[in-house]
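Summary of structural features
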Amino acid sequence: MRTEELKTEIKAYAKEIGIDKIGFASADVFTELKERLRRQQELGYQSGFEKGSIEERTEPSRLLPGAKTIISIALAYPSRMKNAPRSTKEERRGLFCRASWGVDYHFVLKDRLEKLANFIQEKVPDAVNKIMVDTGELSDRAVAERAGIGFSGKNTSIITEEFGSFVYLGEMITNIPFTPDEPVEDSCGDCRKCIDACPTGAIVQGGQLNAGNCIAFLTQTKDFLADEYRVKLGNRLYGCDTCQQVCPRNKGIDFHLHEEFEPDPEVSKPKLIPMLRISNREFKEKFGILSGSWRGKKPLQRNALIALGHYKDETAVDEMIEVMKKDPRPVIRGTAAWSLGKIGTDKAFQAIEKAMQFEKDEQVLYEMEKGLEFREHALKVN
C-alpha cells in the first residue's frame, strides 16, 4: 500500500479510537533540541527524572534502528472540575493538577498507541514500531512540535489550536517513511504572562525552564522542601497549573472528551487531614489510579502538612501532633513540626517543645526549632 493512502487511513482510524490529534514527523536527529539539552545540563536546569542520554533523547534511530517516522498523538483533558467541593475552614482540601485527574494518562495513551500499532501492523506486516508515553527517551513536546500537533509555548507546553495546552502527548517511532506534516507557527508573540506568573520564577525565559525550581517538580520530591518553596506551595499536592491557567490560548478551553480523564472530586481535591495517616493500602485504593501517585504517599503527605500550615488550620493540630511524635519518617515528622509552628497555637508550640526532648534526628530537631521560631516572630510583631 502506498504510504499516502496508509497515512490517510491511519488518521481516520485514530479518530475512531479516540485520538484527538495526530501528526507525522521525520525521525531525523533533533539537532536544535540536542544543543538545548546540553545547555540545560550545563546550567543544572534538569529535573533528574529524564531518561537516557542526550544522544538517545535526540536520535530516534538509536531507539529504533531503521527509524523513518515518528507518529505523534494528543488527547485533550478537562480544565474544569464538575461539582468541585469547596475547601472550608472545617475541611481544608488539597489539589492535584489537571494533568493528574482521572485515570493515569500513561495507560490511556499507551492503549491508543497500541491499537494504532496493531492497525499499522495489519496493513504492513513488516512494520516495526516503538511506543513511548512521557517516560520514554524522546521529548514528547519536541516530537509533537515537529509533527504539527502544536507549537511549543513560552511555558514549555505544547499549545494546540483546538485544545490549548490541555493535552497529553505520546508517540510511536516506525520504520515506515511517511510524508512529514508541517509544524505550526509559534504565536506567543510578545506575551509573557506565564513567565511573570510562575510562582518560583522557574520559567527563566520563554521556552527555558529551570526544572529544579518548578513547583510541579518540587511536589514530587521526597526530601524536606526548602523554606522558600513551602510558602509558594499553597494547597498543591501534586503538580502546578499556573502557567497554563494564565495563558491566553487556554481561555475558555475545557474539553470533556474522554471518560477516563474525568476527575473524581473527592480524589483530585481531597480532604487534607485524612491524608496524614493514610495506610499504604488505603492510599493505593484511593489514589493509585492517578498519575500523581507514582512517587508514593510520602511527597503528598509532606505537601498536605505544608498546606495545612499554609491554611493555619487549627482543627488539624491534634492529628499533626500525633504525626510529629509517631511517624517513622523524619521528613514527615519534621514537616509536621514546622507546620505546627506555622499554625501557631499554644498547644502546637508546647507539643513541639515536648517532642524535642525525645527526638534524635538532627534534621527533625532543626525543623522543630524553625517551628518554634514562628512564636518568637509573632511576639516581635505584636
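See the structure printed just above.
My aim in this report is to walk through the structure given alongside it, one point at a time.

About the thresholds
- Residues numbered from 1 in each chain as written.
- Predicted model: local features only at pLDDT ≥ 70, side-chain atom pairs only at ≥ 80, totals over all residues.
- Heavy atoms only, no water.
- Helix = DSSP H or I, 4+ residues; strand = E, 2+ residues; numbered from the N terminus.
- Buried < 20%, exposed > 50% of the residue type's maximum accessible area, 1.4 Å probe, protein only.
- Contact = heavy atoms within 4.5 Å.
- Areas by Shrake-Rupley, 256 points an atom, 1.4 Å probe, with all protein chains shown as cover.
- Core = buried A, V, L, I, M, F, W, Y, C linked by side-chain atoms within 4.5 Å.
- Axes fitted to C-alpha atoms, helices over the stretch in contact; angles between N-to-C directions.
- Parallel < 35°, antiparallel > 145°, perpendicular 65-115°, else oblique.
- Nonpolar A, V, L, I, M, F, W, Y, C, P; charged D, E, K, R; others polar.
- Left-handed = near helix turned anticlockwise from the far one by under 90°.
- Salt bridge = Lys/Arg side-chain N within 4 Å of Asp/Glu carboxyl O.
- Pairing = 2+ DSSP bridges.
- Patch = residues over 30% accessible without salt bridge, like charges linked within 9 Å, V, L, I, M, F, W, Y side chains within 5 Å.
- Lys, Arg positive; Asp, Glu negative; His and termini not counted.
- Charge placed at Lys NZ, Arg CZ, Asp CG, Glu CD.
- Phe/Tyr/Trp six-rings, centres within 6.5 Å; stacked < 30°, edge-to-face > 60°.
- Lys NZ or Arg CZ within 6 Å of the ring centre and 35° of its normal.

It is worth spelling out the overall build of the protein chain at this point. From N to C terminus, the protein chain includes 17 helices and 10 strands. Taking the principal axes of its C-alpha atoms as reference, the protein chain extends roughly 75 × 40 × 40 Å. Looking at the protein chain residue by residue over its 382 residues, the buried ones come to 53%. A separation of at least 24 residues holds for 77% of the contacts in the protein chain among residues at least 6 apart in sequence. Of the roughly 18,400 Å² of accessible surface on the protein chain, a fraction of 47% belongs to carbon and sulfur atoms.

A word on the nonpolar core. Counting 37 residues, the largest nonpolar core has F287, M320, M324, L340 and M368 as the members making the most contacts within it. Contributing elements (two or more residues each) for this core: β10 (236–238), α12 (280–287), α13 (297–311), α14 (317–326), α15 (330–343), α16 (346–356) and α17 (362–381). Setting aside chain neighbours within four positions, we find F287 in contact with F96, V267, P270, M275, I278 and S293. Ranked by size, the runner-up nonpolar core spans 30 residues in total, among them A14, L109, A127 and I253.

With that settled, consider unusual backbone geometry. Although it is not a glycine, N83 adopts a positive phi angle of roughly 55 degrees. Locating N83 in the fold gives a position in the loop between β2 (69–76) and β3 (95–96). Although it is not a glycine, D134 sits at a positive phi angle of roughly 70 degrees.

The subject of this paragraph is the packing of α13 against α15. At a minimum axis separation of 8 Å, α13 and α15 run at an interaxial angle of 10 degrees. In this view, α13 runs roughly parallel relative to α15, as classed from their interaxial angle. Contacts from K298, Q301, R302, L305, I306, L308, G309 and H310 in α13 reach V331, I332, T335, A336, W338, S339, K342 and I343 in α15. Residue classes in the contact of α13 with α15 are distributed as 8 nonpolar, 5 polar and 3 charged.

Turning our attention to the packing of helix α1 (residues 3–16) against helix α5 (residues 105–123). Pairs of packed helices are described in terms of their axes, by the angle between the two and the distance that separates them. One can describe the packing of α1 onto α5 by two numbers: an axis separation of 11 Å at closest approach and a directional angle of 145 degrees. You can see that α1 and α5 cross each other, and the crossing is right-handed. Two secondary-structure elements touch here, α1 through L6, E9, I10, Y13 and A14 and α5 through K115, L116, F119, I120 and K123. Taken together, the residues of the contact of α1 with α5 break down into 7 nonpolar, no polar and 3 charged.

Evaluated as defined, the whole model comprises 31 salt bridges. A salt bridge links D254 to R80; its shortest N-O distance comes to 4.0 Å. Pair noted here: D254 is in the loop between α10 (242–245) and α11 (265–268) and R80 is in the loop between β2 and β3, with a separation of 174 residues, a long-range link. Residue D254 is classed as partly exposed on the basis of its relative accessible area of 24%. Bridged by salt links that share partners, the residues D111, R112, K115 and E260 form one connected network.

Before going further, it helps to examine the sheet that holds β2. Taking strand neighbours across the sheet as the criterion, the 4 strands line up as β1-β2-β7-β4 in an open arrangement whose pairing is antiparallel. Bordering the open sheet on either side are β1 (21–26) and β4 (129–132), each of which pairs with just one other strand. Each neighbouring strand pair of the sheet contributes to a mean axis angle of 20 degrees, computed without reference to strand direction. The sheet contact formed by β1 and β2 spans 6 bridges and is antiparallel. The residue of β2 that forms the bridge with F24 is I71. Relative to strand β7 (residues 167–174), α5 is tilted by about 35 degrees, and along the sheet it contacts β1, β2, β4 and β7.

Our next topic: a negative patch on the surface. On the surface, a cluster of negative charge is contributed by E362, E369, E373 and E376. Assignment of secondary structure puts E369 in helix α17. Taking relative accessible area as the criterion, E369 reaches 42% and is therefore assigned partly exposed.

Turning our attention to the pairing of β7. Counting buried positions along β7 yields 8 of 8 residues, so the element is predominantly enclosed. Alternating residues of β7 divide into V167, L169, E171 and I173 and Y168, G170, M172 and T174, and every residue in both groups is buried. Where β2 meets β7, 8 bridges bridge the pair, whose relative direction is antiparallel. Following the sheet pairing, I73 is matched in β7 by G170.

This next bit is on the packing of aromatic side chains. What the rule picks out here adds up to 11 aromatic pairs. Of the aromatic side chains, those joined through ring pairs into one cluster are Y77, Y105, F166, Y168 and F261. The cationic tip of R146 hangs over the ring face of F30; the distance from NZ or CZ to the ring centre is 3.7 Å. Lying over the aromatic face of W338, R230 brings its terminal NZ or CZ to 4.9 Å of the ring centre.

Let's shift gears to the environment of K11. By the secondary structure assignment, K11 is in helix α1. When the C-alpha atoms of K11 and D313 are compared, they prove to be 52 Å apart, with 302 residues separating the residues in sequence. Those residues in contact with K11 that lie beyond four places of it in its chain are I22, F24 and D181.

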